[in-house]
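# Descriptive analysis of the structure
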Amino acid sequence: MEKIRLIKSGKYTLVIQNSDTFNNIEKTIIPHLKNETSNQLLKSIKEQPGITNQELSHKLSLSKGTINWHIKKFHNDDIITFESIEKYKTYYLDPSIVQDVPDNLIRLL
């Protein structure tokens, strides 16, 4: 009857009501918000657009490898964009995330 939708995120599966409550972008970002590390990283990128891996590592006391792993997932899901400046990458929320995701969900970041 397709009343629920399962969204696989890493080793977890998120169960949400299959209705018009969430658009496709929201369905993509919500699983990332459920993970504390992902949530902290996205919040930091939102608060400080252009932040680097090194700055994220220092700010959140996470290894660069951990940050790279999450950043790769965000990028694959079109949640963030990056710019390469010399030897650094700077990270930004994708404009479609900010534009298409309602303010109440963005505030959760």
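Starting afresh in each chain, residues are numbered from 1 along the sequence in its written order. The predicted nature of this model means local features are confined to residues of pLDDT at least 70 and side-chain atom pairs, given and counted, to a pLDDT of 80 or more, with totals for whole chains, interfaces and linings taken over all residues. Note that water and hydrogens are dropped before the side-chain values are worked out from all heavy atoms of the structure.

### Describing the packing of aromatic side chains
The description of an aromatic ring pair rests on the distance of the ring centres and on the angle between the ring planes. What counts, and what does not: Put simply, two rings from Phe, Tyr or Trp (the six-membered ring, in Trp's case) pair if the centres are within 6.5 Å, and we call them stacked under 30 degrees between planes, edge-to-face over 60, tilted for the rest. Throughout this description, the term charge over a ring refers to an Arg CZ or Lys NZ atom that lies within 6 Å of the ring centre and within 35 degrees of the ring normal.
Counted by the stated rule, this structure contains 0 aromatic pairs. Its end group placed over the ring of Phe82, Lys89 keeps NZ or CZ at 4.4 Å from the ring centre.

### As for the pattern of salt bridges
Put simply, the rule reads: A pairing counts as a salt bridge when a side-chain nitrogen of Lys or Arg comes within 4 Å of a carboxyl oxygen of Asp or Glu. A helix here means a DSSP run of H or I that spans at least four residues, while a strand means a run of E at least two residues long, and both kinds are numbered starting from the N terminus.
The full count for this structure, using the stated rule, is 1 salt bridge. Here Lys59 and Glu47 are joined by a salt bridge, their closest N and O atoms 3.7 Å apart. In this pair, Lys59 is assigned in helix H3 (residues 53-60) and Glu47 in helix H2 (residues 36-47), connecting sequence segments 12 residues apart.

### What to know about the nonpolar core
Burial of nonpolar side chains together is a common tendency in soluble globular proteins. For clarity, the threshold we go by: Among buried residues, the Ala, Val, Leu, Ile, Met, Phe, Trp, Tyr and Cys ones that are joined through side-chain atoms within 4.5 Å form a nonpolar core. Only protein chains enter the accessibility calculation, which uses a 1.4 Å probe; a residue is then buried when its area is under 20% of its type maximum, exposed when over 50%, and partly exposed in between. Throughout, a residue-residue contact means that at least one pair of heavy atoms, one from each residue, lies within 4.5 Å.
In terms of nonpolar packing, the biggest core is built from 17 residues, with Leu42, Ile45, Leu56, Ile71, Ile79 and Ile80 touching the most fellow members. When contributions to this core are tallied by element, the ones reaching two or more residues are helix H1 (24-34), H2, H3, helix H4 (64-76) and strand S5 (88-93). Ile45 has contacts with Ile51, Leu56, Ile71, Ile80, Tyr91, Tyr92 and Leu93, leaving out every residue within four places of it along the chain.

### Here we look at the packing of H3 against H4
Short version of the rule: For helices, the axis comes from a line fit to the C-alpha atoms of the stretch in contact; other axes are also lines fit to C-alpha atoms, and the angle between any two N-to-C directions lies between 0 and 180 degrees. The handedness criterion is simple: a crossing whose near helix is rotated anticlockwise from the far helix by less than a right angle is left-handed, and one whose near helix is rotated clockwise is right-handed. Residues are grouped as follows: Ala, Val, Leu, Ile, Met, Phe, Trp, Tyr, Cys and Pro are nonpolar; Asp, Glu, Lys and Arg are charged; all remaining types, including Gly, are polar.
H4 packs onto H3 with a crossing angle of 115° between their chain directions and a minimal axis gap of 9 Å. Crossing geometry of H3 relative to H4 is assigned as right-handed. Contacts between H3 and H4 involve Asn53, Gln54, Leu56 and Ser57 on the former and, on the latter, Lys64, Ile67, Asn68 and Ile71. Of the residues in the contact of H3 with H4, the class split is 3 nonpolar, 4 polar and 1 charged.

### Looking at the sheet that holds S5
We apply this condition: Two strands qualify as a pair provided that DSSP identifies no fewer than 2 bridges between them.
The strand order across the open sheet built from 3 strands is S3-S5-S4, with neighbouring strands paired in antiparallel fashion. Bordering the open sheet on either side are strand S3 (51-52) and strand S4 (80-85), each of which pairs with just one other strand. In this sheet, S5 lies alongside S4 in antiparallel orientation, the contact comprising 6 bridges. From the neighbouring strand, Thr81 faces S5, where its bridge partner is Tyr92. Seen against the sheet, H2 touches S3, S4 and S5 and runs at an angle of roughly 90° to S5.

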